[in-house]
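This is what each chain is made of:
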Amino acid sequence: KRDWSSDVCSSDLVYGYAYFPNGGNQFLDYQTVSVDPGDTASVSWSVTPPVISGEITGTFTLTGSPLDQAYISAYASAGSGSTSLSANGSYTIPSLAAGNYYMYAYAYFNGYQSYLQLRDSSFSPNRNPTVATGPTPVDISASTASIGGKVTLTGTRTLSHTSYSNVAAQGTYGTSTGGGYASTPINTSTGAYSFVVTDGSWSPYNFFFQFSDSNPATYLSEYLYFYDYQSLNSPLAVGAGETVTKN
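Residues numbered from 1 in each chain as written. Predicted model: local features only at pLDDT ≥ 70, side-chain atom pairs only at ≥ 80, totals over all residues. Heavy atoms only, no water.

A.B. asks: Pulling in residues and values, what's your account of the overall build of the chain?
C.D. replies: In terms of regular secondary structure, the chain is built from one helix and 22 strands. With the principal axes as the frame, the chain shows a C-alpha extent of 55 × 50 × 30 Å. Looking at the 247 residues of the chain, the share that counts as buried comes to 43%. Restricting to contacts in the chain with at least 6 residues of sequence separation, those with at least 24 account for 63%. (Helix = DSSP H or I, 4+ residues; strand = E, 2+ residues; numbered from the N terminus. Buried < 20%, exposed > 50% of the residue type's maximum accessible area, 1.4 Å probe, protein only. Contact = heavy atoms within 4.5 Å.)

Given below as structure tokens:
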């Protein structure tokens with residue numbers, strides 16, 4: 001149930017999760033709700049607590065860059081689960097209902113500044129395990145590399161006018177880095193940036209610039225997304241432990 005207080009008639013998608021004492025959870029599917037100003041709309045779901053019978057277990061091994069924290073999660077229509085590690089080792093996602101899951105693993109580096117979502121090929125045997133009764137093994141491993149350089153912003157505003165800037169890269173679809181994604185801040189004083197990625201081919205192409213100005217006659221706060229499709233279509237090859245420069 002949600003009370004809409006806006007003065008405009010609203011039509012929205014409503015969804016959620018139900019969490020049960022046995023550790024299971026259930027996705028509450030999307031429903032469209034339309035309400036007039038001042039009205040209250042009631043939304044109902046009928047759910048049955050899932051039978052908890054399985055877990056996903058394995059080893060997490062990331063070689064190369066020092067790790068701040070890693071997070072591993074699994075999602076299915078029957079529920080979800082997650083866990084975290086601060087170093088290489090064994091992991092367990094417990095209390096899972098039977099079903100087909102999709103897994104994610106991502107890690108933070110450089111004082112939680114750099115983010116890396118691990119590629120499809122990092123999961124063995126795959127990132128789509130079928131959980132039944134007992135443990136389902138999925139090992140996760142990768143070797144890291146680095147892409148760094150300098151971003152230069154020219155024109156009426158430069159990086160010095162931004163309060164925060166960021167660059168992102170993605171792994172090349174159809175290769176060993178497919179499904180991988182990385183992001184890192186840009187130093188607004190020097191333009192320097194440095195990604196942690198896995199070995200393989202990567203494309204730094206997605207830029208975010210947050211501009212701030214205290215003078216309302218100029219602007220107060222604006223942001224700009226910039227997509228460099230030339231770089232997206234010309235990926236960089238990076239070997240394990242290697243640093244590649246892209247300005």
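A.B. asks: Now, about the pattern of salt bridges: what can you tell me, with residues and values included?
C.D. replies: Under the defined criterion, the tally for this structure stands at two salt bridges. Ionic pairing is found between Asp-199 and Arg-119, a salt bridge with its closest N-O pair at 3.3 Å. Highlighted residues: Asp-199 in the loop between β18 (192–198) and β19 (200–212) and Arg-119 in the loop between β11 (114–117) and β12 (123–124), separated in sequence by 80 residues. (Salt bridge = Lys/Arg side-chain N within 4 Å of Asp/Glu carboxyl O.)

A.B. asks: Tell me what's going on with the nonpolar core, and back it up with residues and numbers.
C.D. replies: Formed by 47 residues in total, the largest nonpolar core has its most connected members in Ile-56, Phe-60, Ile-72, Tyr-91, Met-103 and Ile-140. Discounting residues that sit within four places of it in the chain, Ile-140 has contacts with Thr-59, Phe-60, Thr-61, Ile-72, Tyr-91, Met-103, Ala-105, Leu-118, Ser-122 and Phe-123. (Core = buried A, V, L, I, M, F, W, Y, C linked by side-chain atoms within 4.5 Å.)

A.B. asks: Could you give an account of the packing of aromatic side chains, with specific residues and numbers?
C.D. replies: Where two aromatic rings form a pair, the distance of their centres and the angle of their planes describe that pair. Taken as a whole, this structure holds 23 aromatic pairs when the rule is applied. Aromatic pair Tyr-17 and Phe-27: ring centres 5.3 Å apart, planes at 65°, arrangement edge-to-face. Taken together, the positions of Tyr-17 in strand β2 (residues 10–19) and Phe-27 in strand β3 (residues 25–35) put the pair 10 residues apart, joining distant regions of the chain. By relative accessible area, Tyr-17 is classed as partly exposed at 38%. Taking 5.5 Å as the distance between ring centres and 40° as the angle between the ring planes, the aromatic pair formed by Tyr-106 and Tyr-115 counts as tilted. Site record: aromatic cluster; members linked through ring pairs are Tyr-71, Tyr-106, Tyr-108, Tyr-112, Tyr-115 and Tyr-181. For Arg-127, the ring lying beneath its charged end belongs to Tyr-104, and the centroid distance is 5.6 Å. (Phe/Tyr/Trp six-rings, centres within 6.5 Å; stacked < 30°, edge-to-face > 60°. Lys NZ or Arg CZ within 6 Å of the ring centre and 35° of its normal.)

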